[in-house]
Amino acid sequence: MMQEPGRVETPIPPAFPPTHRADWPPPPTGYSSGRHRWLIVLLLLLLAISVMINLNLLWRPGPEMPPRVREQFHSLNRSGRDKVAIITVSGIIFDEENGFVKRQIDQALKDDRVKAVVLRIDSPGGTVSDADYLLQHLSQLRKQKPLVVSMGGTAASGGYYIAMAVGDTPDTIFAEPTTWTGSIGVIIPHYNLETLFSKLGVEEDSVASHPLKNMGTPARKMTEEERRIFEDLVNDSFNRFKEVIRSGRRRFAKAPEELDRLATGQVFTASDAMECGLVDKIGFLEDAIDRAIELAGLIEDDVCVVRYKQEPSLSDLLWGFGQVRGHNWRELLQAVSPRPYYLMTFMPVWISSFGNRLVQ
């Protein structure tokens, strides 16, 4: 076929395309798309976590919105007109000014249907200041409504201290047959870690306005002057402990030397505690409830016994009840600083205090 003048003929492509060169990029595989999917999932997960954190911060209970106290029916007549409220003190007594025990006390005070209160104690004690704080508020409660104590497995040291809120009303402290109580005394924990620090290459290098400002540091052995000062602090709190017991137990007010023989920090069984006058009765929670009804002059068939529970916050629902809350780090720092405790100790106090807060 003849080509027309001035016309360029387009070459005809070959029947088969040329083979790909070895240095060309390989064809896409499923790996890239799979990686993109995982990236999207990760971004969505991070977004969800961010939303939960912001909700938690937004709804975290603060001074203006504390966790509410709710009632839970315990026993007797659910539709009873009058109430006996059970206030629970459980675990280490620590940071109580804004704690759940104080909110229980406030709830019982403002509820006109609550005619009597049973204080259920299952605690080895805690700090001197926090135990005294609860004692004062419980004593104010007792002036308005009859108060009876029911001891659980342990009501020792600060746990026994707050039991004195019942005053000198007879037959108001009940201990279960297996209760441990007593442990009347004060302790300021101190651990000498100088040898350990030396092995780790850690040296004390604090700058203080006076040598006594650094008293109680675990980085070295306590000096004799520091020990005398701490002993004076302990004795002051110890004397107050015994004074509180004498005001709540007539037997010891008349014979203070008997209390001196008991106030060695020793832990007593329920039967021994009753024999030496630390408790009034061996009995269970139900026996304490019966005594509260009697003191308030109530008719048992018309009494509703309630127990206070803490309503979970949104952060509890989002993160779980066993979360490590941020304020626990503040409490840990407080626990390791030198301070007096009404506490029955079988382990370093900061471990028991911090461990208790992790599960609350």
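Sequence order as written defines residue numbering, which begins from 1 separately in each chain. A pLDDT threshold of at least 70 governs which residues receive local features in this predicted model, and a stricter bar of 80 or more applies before side-chain atom pairs are shown or counted, although totals over entire chains, interfaces and linings include all residues. Based on all heavy atoms of the structure, the side-chain values leave hydrogens and waters out of the count.

Colleague: Could you clarify how one ought to interpret the pattern of salt bridges in this entry?
Modeller: For side chains of opposite charge, pairing can occur when their charged atoms come near one another. Each salt bridge in this description consists of a side-chain nitrogen of Lys or Arg and a carboxyl oxygen of Asp or Glu lying within 4 Å of one another. Going through the model one piece at a time under the given rule, you end up with 13 salt bridges. Notably, a salt bridge pairs Arg220 with Glu226, separated by 2.8 Å at the nearest N-O pair. Using a 1.4 Å probe on the protein chains alone, a residue whose accessible area is under 20% of its type maximum counts as buried, one over 50% counts as exposed, and one in between counts as partly exposed. Owing to a relative accessible area of 22%, Arg220 belongs among the partly exposed residues under this scheme. Glu226 gets classed as buried once you look at its relative accessible area, which sits at 3%. The residue Lys242 makes a salt bridge to Asp260 at a minimum N-O spacing of 3.3 Å. With Lys242 in helix α6 (residues 224–248) and Asp260 in helix α8 (residues 256–262), this residue pair connects regions lying 18 residues apart in the sequence. The class for Lys242 is buried, based on a relative accessible area of 13%. Residue classification places Asp260 among the partly exposed positions, given a relative accessible area of 42%. One salt-bridge network, in which partners are shared between bridges, spans Glu71, Lys83 and Asp111. For the purposes of this entry, the term helix denotes a DSSP run of H or I that reaches at least four residues, the term strand denotes a run of E that reaches at least two, and both are numbered from the N terminus.

Colleague: Mind showing me how you'd approach a negative patch on the surface here?
Modeller: A surface patch of like charges, here negative, comprises Glu286, Asp287, Asp290, Glu300 and Asp301. Along the chain, the position of Asp301 falls in the loop between α10 (285–296) and β10 (303–310). In this structure Asp301 comes out as exposed when scored by relative accessible area, which is 65%. Patch definition: residues above 30% relative accessible area lacking any salt bridge, with like charges linked at up to 9 Å and the nonpolar side chains Val, Leu, Ile, Met, Phe, Trp and Tyr linked at up to 5 Å. Note on areas: Shrake-Rupley, 1.4 Å probe, and residue coverage restricted to the protein chains presented here. All tallies of charge rest on Lys and Arg as positive and Asp and Glu as negative; His and the ends of each chain are not included. Think of each charge as sitting on NZ of Lys, CZ of Arg, CG of Asp or CD of Glu.

Colleague: How should I be thinking about the nonpolar core in this particular structure?
Modeller: General note: in soluble globular proteins, nonpolar side chains tend to be found buried as a group. Nonpolar core, defined: a set of buried Ala, Val, Leu, Ile, Met, Phe, Trp, Tyr and Cys residues in which side-chain atoms within 4.5 Å join the residues together. Core analysis: the biggest nonpolar cluster contains 56 residues, and Ile87, Met151, Ile162, Ile184 and Leu278 have the highest contact counts within it. Contacts are assigned to residue pairs with any non-hydrogen atoms lying within 4.5 Å of each other. Every residue in contact with Ile162, bar those within four places of it in the chain, is listed here: Val89, Ile93, Leu119, Ile121, Ala131, Leu134, Leu135 and Leu138.

Colleague: Would you explain helix α2 (residues 100–110) in this entry?
Modeller: In an α-helix there are 3.6 residues to a turn, and that puts residues three or four apart on one side. Residues of α2 that are buried include every one of Val101, Lys102, Arg103, Gln104, Ile105, Gln107 and Ala108, and no others. Contact partners of the buried residues in α2: β1 (69–76), β2 (82–90), β3 (114–123), α3 (128–144) and β10.

Colleague: Please explain the confidence of the model for the protein chain as it appears in this structure.
Modeller: Where the model shows low pLDDT, its predicted coordinates should not be examined in detail. Predicted confidence across the protein chain gives a mean pLDDT of 82, with 73% of residues reaching 70 or more. A residue's pLDDT is simply how confident the predictor is in it, with values from 0 to 100. Throughout residues 57–64 the model reports pLDDT below 50, and contacts reaching past four residues in sequence, or to other chains, amount to seven contacts. Note that residues 347–360 has pLDDT below 50 and, in this model, 34 contacts with residues that lie over four places away or in other chains.

Colleague: Could you clarify how one ought to interpret the pairing of strand β5 (residues 147–156) in this entry?
Modeller: Strand residues, when the strand is regular, have side chains that alternate between the two faces of the sheet. Of all the 10 residues making up β5, nine are buried; the element is thus mostly covered by neighbouring parts of the structure. Two strands pair under a simple rule: DSSP has to find at least two bridges between them. As judged from the six bridges shared by β3 and β5, these two strands associate in the parallel manner. Directly across from Ile121, in β5, lies its bridge partner Met151. Here three bridges tie β5 to strand β6 (residues 173–175), and the two strands are oriented parallel to one another. Bridging from a neighbouring strand, Ser150 pairs with Phe174 of β6. What joins β5 to β6 is helix α4 (residues 158–163), and the crossover it makes is right-handed. For β5 and strand β7 (residues 180–182), the ladder comprises three bridges, and the chain directions are parallel. The handedness of a crossover follows from its direction of travel: if, with the strands pointing away from the viewer, the path from the first strand over the helix to the second runs clockwise, the crossover is right-handed.

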